[in-house]
Amino acid sequence: MQDLPKLTIPVSRVLVADESIVRAVLSKLERFQLVGLDSESSGPQAPGRKMLEMASSEMTGMSIAFPDGSSFYVPVKHSSGPNLPTQLVGNLQAALCAPGITPWVHNLKHELWHSPWLDTRAKDSLLAAWILQRPGPKGGYGLKELSGADYGSFEQLANGRQAKDIPPEEMCPYACNDAFYTLKLGLELEPDIIRLGMEKAYGIELRLSRVIFDMERLGMYVDVDALRCLDEHVRKRKEALEDEWIWLHPGVSIASSKQVSRALYGGGHWDSSGVAATVHGFSTDASAVRTQLRRCPPGSVGHVSALIRAEFQDCNKILTTYSQSLIDKVGADGRLHPSFLQHGTSTGRLSCVSPNLMNIPVRSPLGQRVKAAFSAGPVSVLIAADYSQIELRVLAHHCGGALAVAYAKGEDIHAKTATLVGCTRAQAKTINFAYVYGAGVQKMADTLGVSAQDARRFMKMYRASYQEVPALREKVVSLVRSRGYAKTLLGRIRPIPGINIPEGPERWHAERLAFNTPIQGGAADIMKLAMVAAHSAGLPLVCQIHDELTIEVPVARETEMATALVAAMEGAYPLKVPLVADVKVGKSWYMQ
C-alpha cells in the first residue's frame, strides 16, 4: 500500500471543464493507485419508490478524489453549462480502468448502473462499515452519517431539481465531497478489516454486489391482471370479515388493537400469560393471535375471534404491500425489480425492500396467490432450489456428534429427534430450530401447544440426546465472552455487547446471539457463496428469499440449469455434513 497522507478535509474541488484539467487528473492517476469515485444521476422516479428508476436514468456527472485531498467533478450530461466532451470522459474512464488503480465507492451495487467498467478491484466503504458492524450514530450506513461530514443533503442542493438541471459549478462542491469522504472512510476502515482477518468475507461481499446488481436488473415478471383480481377479492373478503366481527363483538373495531385487546383479554376470552404488553394493552399482533389459536378451544368465542382477526391481518398485509402497491412498483418491462440489501441485517442475511418479498404470507391461500402472480416469461420457466435445514446442518458441522452422524447417514433429523425426545415429528422440527434460536420454555410451550412442564421436559430430553449441542453452546459463549464478538464460517464478526454483564435479560439475550451468530451467520455465508457460484456458472438469478435461490431459464434448458443450480448450492462450502438443495420447477413462483 502507498504511503498516504492522512485525509482530513478536501484540499481542492475542481470542475473538469477542459482538456488541460483532464491532463491534470490523468497525471494524478499515474501517481496514485487509490481513488474515491461517485456518480450523480438523472431520470424518472422508480414506480412506487422515493428513488430513481436506475435502468432508465443517465449519468449526469462523476467525481474523483485523490489521497492528497484534491477532488474533481466531471460534468457529463448537464442541461446547461460546460459538459466535458464524450471522448475526454471516455479517456478518464479508461484511465480509471488501468491496472493498479483501485477505486473506492460508497454502495458498489448502485455505482454499477453507470460505471459497469468497475471490476473486482473496486472497494466499497458502505460494505466495509457494515462488515465491521460500525453503523453511524443513527444506526445507518449512509455516507454522511458514517463520515460525520456535514455538507448538506442532495435534496437541499437540488431544491426540487433533477441533477442534470443543477449547473455544474453548483454541483461540483457537493459531488467532490461525496468522492472525498468515500475515499477517506474506506482508507480508515480497511486496516481494521485486515487486522480482524475479514479480507475473505469482505471480498465475497464485493463479488456479491455485482451478482445482486444483475439479479435486480433482471427482476421477475409479474401478472398484473392476477394481482388486480386478487386486490378486488381481498377487499370484498375484508368487508365480510368486518361484518362477522361486528356481529360477534358489537361496538368493537377489528382494526383497533386497543379495542380488540380490551374486548378479548379483558373479556376473558384470551389468556394473557406470556403475551407482550403494549401501550394499547396486551398484544394483538399476528404472533399473539396465533398463540390464541393454539390456546383457545375450537368453536369458542376466543378461537373464532382469533380466526377472524388472523385472516383480517392477512388481508391488510396483502392490500397494503402485495396487491395494488406491488402493481405500482412494476416497471415498464412488466417486471418487478426489488432492492436486495447486503447491509440490512446483523446476521448477514440479505434483506429485501421495495417491496419486501420475504414477508409474503406463503402459508395462507392469499399469500400463495401473490406468489403465483410472479411468473416466467412466455418461453421460460422458474427454477427454485431451497436449502434443506441449512442452519441445523451448520450446527452439526460445528458440534459433530450424533447430529452430524445423522446427517452423514441421510437420516430424517426431525423424525430422529421425535423418537429421542418422545414427541411428534412436527413438534421435533420446532424443538430442533428453537434450540438454535434460543427460545425460552414459555415460547416453546406456546409454539408447540403444550404445557410449560412438557416443553421443559422436551428440552431436557433434547439436551440429553444431543449432548454435543449444549457443549458447543457453552464453548461458543465462553469464547465470545473472552473476545467480545462472535464469528461466522467466513470469519465475519458480530460484536456481542452485554455478554459480560451480571445475570439478567440483557445477558441472556447476548448469550443467545453469541450462540446463534455462528449458526445463522454461517448459513448466510453459505447462501452468499452459492449466489456467487451460481452467477459464475452463468445462471440467471432473479430472486433470493430465505434459504431459496430462484432462476429464470429457457424451457429447453430446464434440466441442465436445474442441475447446475443444485451443484452450485450443494458445493458452496465444504461442511463436514452434506449440503442438500431441493429443487422445484414451474411457470409461476408458487410451486407445490
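Below is a summary of the structure that appears in this document. (Residues numbered from 1 in each chain as written. Predicted model: local features only at pLDDT ≥ 70, side-chain atom pairs only at ≥ 80, totals over all residues. Heavy atoms only, no water.)

## What about the overall build of the protein chain?
And then number 1: Tallying secondary structure elements over the protein chain gives 23 helices and 19 strands in all.
And then number 2: On C-alpha atoms alone, the protein chain measures out to a radius of gyration of 27 Å, which is about the 25 Å that the 2.2 N^0.38 rule sets for 592 residues.
And then number 3: Its C-alpha atoms give the protein chain principal-axis dimensions of roughly 80 × 55 × 55 Å.
And then number 4: Within the protein chain, buried positions represent 53% of all 592 residues.
And then number 5: Considering only residue pairs separated by 6 or more positions, the protein chain has 67% of its internal contacts joining residues 24 or more positions apart.
And then number 6: For the protein chain, the exposed area adds up to about 25,800 Å²; of that, 54% sits on carbon and sulfur atoms. (Helix = DSSP H or I, 4+ residues; strand = E, 2+ residues; numbered from the N terminus. Rg over C-alpha atoms; globule rule 2.2 N^0.38 Å. Buried < 20%, exposed > 50% of the residue type's maximum accessible area, 1.4 Å probe, protein only. Contact = heavy atoms within 4.5 Å. Areas by Shrake-Rupley, 256 points an atom, 1.4 Å probe, with all protein chains shown as cover.)

## Observations regarding helix α23 (residues 558-570)
And then number 1: In a regular helix each residue adds 1.5 Å, so 13 residues correspond to 18 Å; α23 covers 18 Å between its end C-alpha atoms and thus fits that length.
And then number 2: All of the buried residues in α23 are Met-561, Ala-562, Leu-565, Val-566, Ala-568 and Met-569. Buried positions in α23, seen along its axis, are confined to an arc of 160° and lie on one side of it. Exposed positions of α23 whose direction lies more than 90 degrees from the buried face are Thr-559 and Thr-563. (Expected span 1.5 Å × (residues − 1). Arc of directions from axis to C-beta.)

## Comments concerning the sheet that holds strand β10 (residues 335-336)
Strand pairing in a sheet is mediated by backbone hydrogen bonds. Such pairs are either parallel or antiparallel.
And then number 1: Across the sheet, which stays open at both edges, the three strands sit in the order β10-β7-β13 with antiparallel pairing between neighbours. Every interior strand has two partners, whereas the edge strands, β10 and β13 (374-375), have only one.
And then number 2: In this structure, strand β7 (residues 220-222) lies alongside β10, joined through two bridges in antiparallel fashion. Bridged to Tyr-221 within β10 is Arg-335. (Pairing = 2+ DSSP bridges.)

## Some remarks on unusual backbone geometry
And then number 1: The step from Ser-354 to Pro-355 runs through a cis peptide bond, and the omega angle for that step is 0°.
And then number 2: Inspection of the secondary structure puts Pro-355 in the loop between β12 (351-353) and α14 (365-372).
And then number 3: Of note, the phi angle at Asn-159 is positive, near 50°, even though the residue is not glycine.
And then number 4: Assignment of secondary structure puts Asn-159 in the loop between α6 (154-158) and α7 (168-195).

## Structural notes on the sheet that holds strand β4 (residues 70-75)
And then number 1: Read from one edge to the other, the open sheet built from six strands follows the order β1-β4-β3-β2-β5-β6, with strand pairing classed as mixed. Unpaired on one side and paired on the other, β1 (12-15) and β6 (123-124) mark the two borders of the sheet.
And then number 2: Where helix α1 (residues 19-31) meets the sheet, its contacts fall on β1, β2 (34-42), β3 (58-65) and β4, and the angle it forms with β4 comes to roughly 130°.
And then number 3: Lying over the sheet, helix α2 (residues 86-96) contacts β2, β3 and β4, oriented at roughly 55° with respect to β3. (Axes fitted to C-alpha atoms, helices over the stretch in contact; angles between N-to-C directions.)

## A look at the pattern of salt bridges
And then number 1: Within the structure shown, the criterion is met by 29 salt bridges.
And then number 2: Between Asp-231 and Arg-235 there is a salt bridge, and its shortest N-O distance comes to 2.7 Å. Residue Asp-231 and its partner Arg-235 are both found in helix α9 (residues 224-248); the two are separated by four residues, about one turn of the helix.
And then number 3: Assessed through its relative accessible area of 42%, Arg-235 is described here as partly exposed.
And then number 4: Notably, a salt bridge pairs Asp-446 with Arg-295, separated by 2.8 Å at the nearest N-O pair. Of this pair, Asp-446 sits in helix α19 (residues 441-448) while Arg-295 sits in helix α11 (residues 286-295), and the two are 151 residues apart along the sequence.
And then number 5: Among the charged side chains, a salt-bridge network with shared partners connects Arg-481, Glu-503, Arg-507 and Glu-511. (Salt bridge = Lys/Arg side-chain N within 4 Å of Asp/Glu carboxyl O.)

## A closer look at the packing of aromatic side chains
And then number 1: Scanning the entire structure with this criterion turns up 13 aromatic pairs.
And then number 2: For the pair Phe-32 and Phe-66, a centre-to-centre distance of 6.1 Å together with 40° between the ring planes defines the contact as tilted. Of this pair, Phe-32 sits in the loop between α1 and β2 while Phe-66 sits in the loop between β3 and β4, and the two are 34 residues apart along the sequence.
And then number 3: Residue Phe-66 is classed as buried on the basis of its relative accessible area of 0%.
And then number 4: Ring pairs connect the aromatic residues Tyr-151, Phe-154, Tyr-174, Phe-180 and Tyr-181, which therefore count as one cluster.
And then number 5: Over the ring of Trp-589 we find Lys-371, and its NZ or CZ is 4.4 Å from the ring centre. (Phe/Tyr/Trp six-rings, centres within 6.5 Å; stacked < 30°, edge-to-face > 60°. Lys NZ or Arg CZ within 6 Å of the ring centre and 35° of its normal.)

## Brief notes about helix α15 (residues 390-399)
And then number 1: When you tally the buried positions in α15, you get nine out of 10 residues, the bulk of the element.
And then number 2: Among all positions of α15, only Ile-390, Glu-391, Leu-392, Arg-393, Val-394, Leu-395, Ala-396, His-397 and Cys-399 are buried.
And then number 3: Looking one or two residues beyond α15, the residue adopting positive phi is Gly-400, at roughly 65°.

## What about the environment of Leu-132?
And then number 1: Summarising the element assignment, Leu-132 is placed in the loop between α4 (125-131) and α5 (143-147).
And then number 2: Measuring from C-alpha to C-alpha, the distance between Leu-132 and Lys-258 comes to 41 Å, with 126 residues separating the pair along the chain.
And then number 3: Other than its neighbours up to four places away in sequence, Leu-132 contacts Leu-189, Asp-192, Ile-193, Leu-196 and Met-198.

## Re the packing of helix α17 (residues 413-421) against helix α20 (residues 452-465)
And then number 1: For the pair α17 and α20, the least separation of the axes is 9 Å and the interaxial angle reads 110°. As the angle between them shows, α17 and α20 are arranged roughly perpendicular. Packed against α17, whose contacting residues are Thr-417, Leu-420 and Val-421, the element α20 presents Arg-457, Phe-458, Met-461, Tyr-462 and Ser-465 at the interface.
And then number 2: In terms of residue class, the contact of α17 with α20 is built from five nonpolar, two polar and one charged. (Parallel < 35°, antiparallel > 145°, perpendicular 65-115°, else oblique. Nonpolar A, V, L, I, M, F, W, Y, C, P; charged D, E, K, R; others polar.)

## Here we look at a positive patch on the surface
And then number 1: Positive charge collects at one region of the surface, where Arg-290, Arg-294, Lys-317, Arg-363, Lys-429 and Lys-443 lie side by side.
And then number 2: Take Lys-443: it is sitting in helix α19.
And then number 3: Overall, the relative accessible area of 48% leaves Lys-443 in the partly exposed class. (Patch = residues over 30% accessible without salt bridge, like charges linked within 9 Å, V, L, I, M, F, W, Y side chains within 5 Å. Lys, Arg positive; Asp, Glu negative; His and termini not counted. Charge placed at Lys NZ, Arg CZ, Asp CG, Glu CD.)

## Some points on the pairing of β3
And then number 1: Among the eight residues that make up β3, seven are buried, leaving the element largely enclosed by the rest of the structure.
And then number 2: By the bridge criterion, seven bridges tie β2 to β3 in an arrangement that is antiparallel. Opposite Ser-39, over in β3, you have Met-62 as the bridge partner.
And then number 3: In terms of strand pairing, β3 meets β4 through five bridges, oriented antiparallel. The residue of β4 that forms the bridge with Ala-65 is Ser-71.

Any link to function would need more than the numbers given here.
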